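Each chain, letter by letter, is given below.
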Amino acid sequence: MDTVWNGFRDVFRSRIRSVLVILILGLTVATLVTLIQIAAGIGQVNRQLQAELSTLIEVRAAGSTAMGKGADPLPEAIVEQIEKVPHVVKVEKFLFNRSDNPGGRFPVWVVVGLEPGKTIRVNSHGEVGTPTVFEGRSLEPDDLGKAVAMVGQIWAAEYEARTGRPVRIGTRLTVEGSEIPRPAEVEVVGLYRAGFVFGDSQVIVPFPLAQQMTGKEGKVTNVFVTVDTVGNVEAVEQGLREALGEAADILVGRENVRVLSEGLAGIQANATLSAAVATVAGALIVLLTMVLVTRQRTWEIGMLKAMGASGGDVARQFVAEAVALGTISSTLGLALFALMGPRVGEVFLSGARFAVRLAIPGFSEQSAAELPVRYGLSLAVVGYAIGMAVLFGAVGSLYPVMRALRLRPAEALRHV
Amino acid sequence: MSRLAPLRAGETLADTHLGEAIVGVEGAVKEYPFGPGIIRALDGVTLAVPRGRMVALLGPSGSGKTVLLNLISGLEQPDRGRVLVDGRDLGRMTARQLTAYRRSTIGFVFQGFNLIPNLSALENIMLPLEFVGVSERESLRQAREMLAAVGLAARASHTPPQLSGGEQQRVAIARALANDPPILLADDPIGNVDSRLGGEIVGILRQMADRGKTVVVAGHHAAIEEAADEVVYFRDGRIERVWNARAAQRVSESGRGGNRP
């Protein structure tokens, strides 16, 4: 038994108060760690977007929309021209075919043709998403010559598509104005969610099958070009304009990246700010608790000093108590984070969602759910919690240490 | 000439030479601010306490007894005058030296028991031993001995709320004696216990004096006066009278009166 151990034991001298403080602090730590993880997840997404989209250029038929409407498709041969432009490292061809669906749950649906094994990309009016498969699998290189499809969740719900079952694309959608001249029966290999309604209303099939179904053999509607570095984007843009002339629109993703990046940075800043507020709140809780404790024990401080305790002896005891309070709370916070982190994260993200939607059209619940926020206990999370315990202990000890060093024992002994 | 030998009948503290006493207080004045003015709690007190004696400080509340104990323990310094303990002037000590002095020279028993409520009786006694750096094993051994000495060996693991008032005060005495200090100061140690328990506690203090400790006890009760070798009566911050209680008692018992006021 020593003064430090006494300090640890002192945490429970007032049990009701300590339990309340530990609960509040535990919730604070859990919220704090969740927010830090959300901020880290958003930061990761933002960096990925910056890296991927900043070097991405989209080529479309001049005057066409993102979903292939409004102009005749481009000849597939332009892919070879594009590949010859210096600094181009990847070329991915797509065939987007939008069909009207007036009687359906969603008024349009889209057949996307792409090269299996390359980027699975769904497209909309300026929105680009990477779908996440939640049932079955993604398209693979071996699927190139097969009649298979990945189906968006809205489309799947509308037409009761399930993994492993065949579905006939075109005839089952016996709607007037269908632009699928050659319906085909395909096997559904996977269901995906894209994060926005247009993206979730699409059917993704291998590129040749899409050309065949839509009667657009030898055509592409969109080509996504990846440049080696951000610094070469302008040169490639210029090279593409020279190579393709007036036939194609060259769309550089800078603006999309800016809007997306600013939106995500906004959520990240909110999460970081909230985490900072939670940290300050936690530290204040410990500080105020310790202020109360030391004021209540003024007489005791005087008595300890009268018995020969130095200011350091008394200070050590209160530091130990504050650190113990922080440590117990942080441990509880970690447990609460493991149990409730996803829910707290969901609440935070749903709160941020409305604001973000204004900045990023199509940012939806699914998008929030797909953020790579790690809710499990990791070394980093435990590190945060230990850091919080130390911080709370240090802040909470400030007042008791100053008071212990300054308090004159005779005055303290008069304090009843 | 030495005045450190036991006082003879009729001899009082006033006869003890300041430089020869274990505790010497010379012309001590202590004032405290009170509203716009000041209160003089001690007004030129001079007192010499010989080694191995039990001295009672009696007087009404606010007469300066507790202030004098605080000066002797080094918890406060006089505004004027000086306090000498074993020849050392407390006013010349640094804060660190005063802390060391309180650890090794003084044992303090407070009025309201004032044990740490979440520590057991044994752990309360171990506290001052830890302040001087005694190992845990040794402090445990010594604390057990002290607890046995005050008749509470069986209550070692009990916390203060589980002890009676008298038991708590005995633990407090054991704690004050844990470091074997030569001087034991007690501020109204029986103020919160009934007369029977008060008698027991005063008896323990008397035993300590008989074993060579210098005991200075402040209080209001007759039990303290009866057990003390010398009595110092305070009023309004001054020593009003000093008398040899033992001698007075002997004279009183023989029916010849005495020097008691």
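About the criteria used
- Residues numbered from 1 in each chain as written.
- Chains lettered and ligands numbered in written order.
- Predicted model: local features only at pLDDT ≥ 70, side-chain atom pairs only at ≥ 80, totals over all residues.
- Helix = DSSP H or I, 4+ residues; strand = E, 2+ residues; numbered from the N terminus.
- Contact = placed C-beta atoms within 7 Å.
- Buried ≥ 20, exposed ≤ 12 C-beta atoms within 10 Å, placed from the backbone.
- Core = buried A, V, L, I, M, F, W, Y, C linked by C-beta atoms within 7 Å.
- Pairing = 2+ DSSP bridges.
- Nonpolar A, V, L, I, M, F, W, Y, C, P; charged D, E, K, R; others polar.
- Expected span 1.5 Å × (residues − 1).
- Arc of directions from axis to C-beta.
- Axes fitted to C-alpha atoms, helices over the stretch in contact; angles between N-to-C directions.
- Parallel < 35°, antiparallel > 145°, perpendicular 65-115°, else oblique.
- Left-handed = near helix turned anticlockwise from the far one by under 90°.
- pLDDT = per-residue confidence, 0-100.

Colleague: Give me the lowdown on the overall build of chain A, citing residues and values where you can.
Modeller: Along chain A, the regular secondary structure elements total 12 helices and 14 strands. Within chain A, residue pairs in contact and separated by at least 24 positions form 84% of the contacts whose partners lie at least 6 positions apart.

Colleague: Break down the overall build of chain B for me, with residues and values.
Modeller: A tally of regular secondary structure across chain B gives 8 helices and 10 strands. For chain B, with 261 residues in total, the buried portion stands at 51%. Here the analysis covers contacts within chain B between residues at least 6 apart in sequence; of these, 67% occur between residues at least 24 apart.

Colleague: So, the nonpolar core: which residues are in play, and what are the values?
Modeller: Grouped burial of nonpolar side chains is what soluble globular proteins tend to show. Leu57, Ile125, Leu205 and Val217 of chain B are the most contacted members of the largest nonpolar core, which has 132 residues in total. With 50 residues, the next largest nonpolar core counts Val148, Val188, Phe196 and Val223 of chain A among its residues.

Colleague: Explain the sheet that holds strand β5 (residues 88-89) of chain B residue by residue, including any values.
Modeller: Ordered in space as β2-β1-β4-β5 (chain B), the 4 strands form an open sheet in which the pairing is antiparallel. The strands lining the two open edges of the sheet, one partner per strand, are β2 (37-49) and β5 of chain B.

Colleague: Report on the interface of chain B and chain A, specifying residues and quantitative values.
Modeller: On the side of chain A, 16 residues touch chain B, which itself brings 21 residues to the contact. With 6 residues, helix α3 (residues 121-131) of chain B is the largest single contributor of residues to the side of chain B that touches chain A. Grouping the constituent residues of the side of chain B that touches chain A by class yields 10 nonpolar, 5 polar and 6 charged.

Colleague: Explain α3 of chain B to me, using residue names and the numbers behind them.
Modeller: Residues and elements named next belong to chain B. Of all 11 residues making up α3, 11 are buried, and the element is well covered by its neighbours. For α3, the set of buried residues is Ala121, Leu122, Glu123, Asn124, Ile125, Met126, Leu127, Pro128, Leu129, Glu130 and Phe131. Positioned one or two residues after α3, Gly133 has a phi angle of 85 degrees, which is positive.

Colleague: If you had to explain the pairing of strand β11 (residues 202-206) of chain A to someone new, which residues and values would you point to?
Modeller: All names here are of chain A. Counting buried positions along β11 yields 5 of 5 residues, so the element is predominantly enclosed. Direction of pairing for strand β8 (residues 148-152) relative to β11: antiparallel, over a ladder of 2 bridges. Paired with Met150 across the strands is Ile204, a residue of β11.

Colleague: Explain helix α4 (residues 136-149) of chain B to me, and be specific about the residues and the numbers.
Modeller: Residues and elements named next belong to chain B. Over its 14 residues, α4 extends 20 Å from the first C-alpha to the last, a length consistent with the 20 Å expected when each residue adds 1.5 Å. Listed in full, the buried residues belonging to α4 are Ser139, Ala143, Met146 and Leu147. All buried residues of α4 fall inside an arc of 100 degrees around its axis, so they share one side. In α4, those exposed residues whose orientation departs by more than 90 degrees from the buried face are Arg137 and Glu138. Those residues of α4 that are buried are in contact with α3 and α5 (165-177).

Colleague: Go over the packing of α5 of chain B against helix α6 (residues 195-210) of chain B with me, naming the residues and quoting the values.
Modeller: Two packed helices can be described by the angle between their axes and the distance between those axes. Residue and element names in this part refer to chain B. Between α5 and α6, the least distance of the axes is 9 Å, while the angle of their chain directions is 15 degrees. Taken together, α5 and α6 sit at an angle that is classed as roughly parallel. When the axes of α5 and α6 are compared, the crossing they make is right-handed. Residues Gly165, Gly166, Gln169, Arg170, Ile173 and Leu177 of α5 lie in contact with α6, whose contacting residues are Leu197, Glu200, Ile201, Ile204 and Met208. Taken together, the residues of the contact of α5 with α6 break down into 6 nonpolar, 3 polar and 2 charged.

Colleague: Give me the environment of Glu226 of chain B: which residues, what numbers.
Modeller: Here Glu226 of chain B shows up in helix α7 (residues 222-227). Residues Glu226 of chain B and Ala56 of chain B, spaced 170 residues apart in sequence, show a C-alpha to C-alpha distance of 9.1 Å.

Colleague: With reference to specific residues and values, describe the packing of α3 of chain B against α4 of chain B.
Modeller: All names here are of chain B. In contact at an axis separation of 9 Å, α3 and α4 are set at 125 degrees when each is read in the N-to-C sense. In terms of orientation, α3 lies oblique with respect to α4. Along this stretch, α3 crosses α4, giving a crossing that reads as right-handed. For the pair α3 and α4, contact is made by Ala121, Leu122, Ile125, Met126, Leu129 and Glu130 and by Ser139, Leu140, Gln142, Ala143, Arg144, Met146 and Leu147, respectively. Grouping the amino acids of the contact of α3 with α4 by side-chain chemistry returns 9 nonpolar, 2 polar and 2 charged.

Colleague: Requested: an account of the pairing of β8 of chain A, with residues and values cited.
Modeller: Residues and elements named next belong to chain A. Of all 5 residues in β8, 5 are buried, a share of seventy percent or more. Two strands pair when backbone bridges link them, and β8 and strand β10 (residues 184-193) are joined in this way by 5 bridges, in the parallel orientation. Residue pairing for β10: Gly152 is matched across the bridge by Tyr192.

Colleague: Help me get a handle on the sheet that holds strand β8 (residues 214-219) of chain B, residues and values and all.
Modeller: Residues and elements named next belong to chain B. Spatially, the 6 strands line up as an open sheet ordered β6-β7-β8-β3-β9-β10, and their pairing is mixed. Pairing within the sheet leaves two strands with one partner each, and these edge strands are β6 (106-109) and β10 (238-244). Each strand of the sheet is rotated relative to its neighbour by a mean of 15 degrees, with strand direction disregarded. Summarising the sheet, β6 and strand β7 (residues 183-187) pair through 4 bridges and their orientation is parallel. Pairing of Gly107 across the sheet is with Leu184, part of β7.

Colleague: Please provide a residue-by-residue account of the environment of Ala194 of chain A, values included.
Modeller: Residue and element names in this part refer to chain A. Along the chain, the position of Ala194 falls in the loop between β10 and β11. According to the C-beta neighbour criterion, Ala194 is buried, with 29 such atoms within 10 Å. In this structure the C-alpha to C-alpha distance between Ala194 and Gln153, which are 41 residues apart in sequence, comes to 8.4 Å.

Colleague: How would you explain unusual backbone geometry if you had to name every residue and give the values?
Modeller: All names here are of chain B. One non-glycine residue with positive phi stands out, namely Asp86, at about 55 degrees. Along the chain, the position of Asp86 falls in the loop between β4 (80-85) and β5. Look at Asp86 and you get partly exposed, because 14 C-beta atoms sit within 10 Å.

Colleague: Pulling in residues and values, what's your account of the confidence of the model for chain B?
Modeller: All names here are of chain B. In this model, chain B carries a mean pLDDT of 83, and residues with pLDDT of at least 70 account for 85%. This model gives residues 1-12 a pLDDT under 50, and the stretch forms 23 contacts once residues within four places in sequence are excluded. Every residue in residues 255-261 is under pLDDT 50, and counting partners more than four places away or in other chains gives 16 contacts. Scored by ipTM, the complex comes to 0.79, with pTM at 0.63.

Colleague: Tell me about the environment of Leu264 of chain A, and please be specific about residues and values.
Modeller: Residue and element names in this part refer to chain A. Inspection of the secondary structure puts Leu264 in helix α7 (residues 254-296). Classification of Leu264 by C-beta neighbours within 10 Å gives buried; the count is 24. Separated by 222 residues in the primary sequence, Leu264 and Ile42 place their C-alpha atoms 6.4 Å from one another. When near neighbours in sequence (up to four residues on either side) are disregarded, Leu264 contacts Ile42, Val45 and Asn46.

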